[in-house]
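Structural overview
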Amino acid sequence: MNKNASKLGRKKKITLVTAALLAVGAGAAIAYWTVGGAGTGTAVTGTSTDIVVNQTTVVTPMYPGDTAQTLSGTFDNLTNNGGPVYVGTVTAAIVSVDKAGGAAAGTCEAADYTLTDAAMTVNEEVPAGSEVGSWTGATIQFKNNLEENQDACKGATVNLAYTVS
């Protein structure tokens, strides 16, 4: 056999092998299986934690005939909320009154004080952070009851509580 015939034979073999590989590869590229399937998964919704209501107003000592003093404050939105929370209303309440040591005999109680506009509308998102957002509007005043002695309330501390809804 001469060299040219051998080269020609080899070229034919290479061409045939290449063509066969291309045919097999082309067949594999368009062949597939169809299947069905199903699966499950989960997702978790976070929760929120209560925020802290801060009273920033410093109420000056009250006395009979005194004018009402406005209450106001901010919020601490620090734990686990990860962002802003919505506050609709802040409501103030007198929870107790502590008589001063050495105060005159008699009673001094929440009924000796007037808390007006206790439900204060905020209707805002409070951002995450300390001393953020604001609320205001309620007023507190010592009742002016001239029909009886109110000395038992001299130096008393009025304890207020705030709730958010």
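Criteria and cut-off values
- Residues numbered from 1 in each chain as written.
- Predicted model: local features only at pLDDT ≥ 70, side-chain atom pairs only at ≥ 80, totals over all residues.
- Heavy atoms only, no water.
- Helix = DSSP H or I, 4+ residues; strand = E, 2+ residues; numbered from the N terminus.
- Buried < 20%, exposed > 50% of the residue type's maximum accessible area, 1.4 Å probe, protein only.
- Contact = heavy atoms within 4.5 Å.
- Areas by Shrake-Rupley, 256 points an atom, 1.4 Å probe, with all protein chains shown as cover.
- Disulfide = S-S within 2.5 Å.
- Core = buried A, V, L, I, M, F, W, Y, C linked by side-chain atoms within 4.5 Å.

Here we look at the overall build of the chain
For the chain, the count of helices and strands is one helix and seven strands. Starting at the N terminus, the α and β elements of the chain follow one another as α-β-β-β-β-β-β-β. The 165 residues of the chain split such that 25% are buried. The contacts of the chain with a sequence gap of at least 6 include a subset with a gap of at least 24, amounting to 75%. As presented, the chain carries roughly 11,600 Å² of accessible surface, and 55% of it is formed by carbon and sulfur atoms.

Focus: the state of the cysteines
In this structure the tally under the stated criterion is one disulfide. What pairs with Cys108 in a disulfide is Cys153, and their sulfur atoms sit 2.0 Å apart. Disulfide Cys108-Cys153: the torsion about the S-S bond is 110°, which places it as right-handed. With Cys108 in the loop between strand 3 (85–98) and strand 4 (113–116) and Cys153 in the loop between strand 6 (129–142) and strand 7 (157–164), this residue pair connects regions lying 45 residues apart in the sequence.

Overview of the side chain of Thr74
Along the chain, Thr74 falls in strand 2 (residues 69–77). Residues in contact with Thr74, not counting those within four places in the same chain, are Val52, Val53, Asn54, Thr56, Glu131, Val132, Gly133, Ser134 and Trp135.

Points about the nonpolar core
Grouped together as the largest cluster of nonpolar side chains are 25 residues, with contacts concentrated most on Phe75, Val90, Tyr113 and Trp135. For this core, the secondary structure elements donating two or more residues are strand 2, strand 3, strand 5 (119–126), strand 6 and strand 7. A per-element tally of this core places strand 3 first, with six residues. With near-sequence residues (within four places) excluded, Val90 lies in contact with Val53, Phe75, Ala118, Ala119, Met120, Val122, Trp135, Tyr162, Thr163 and Val164.

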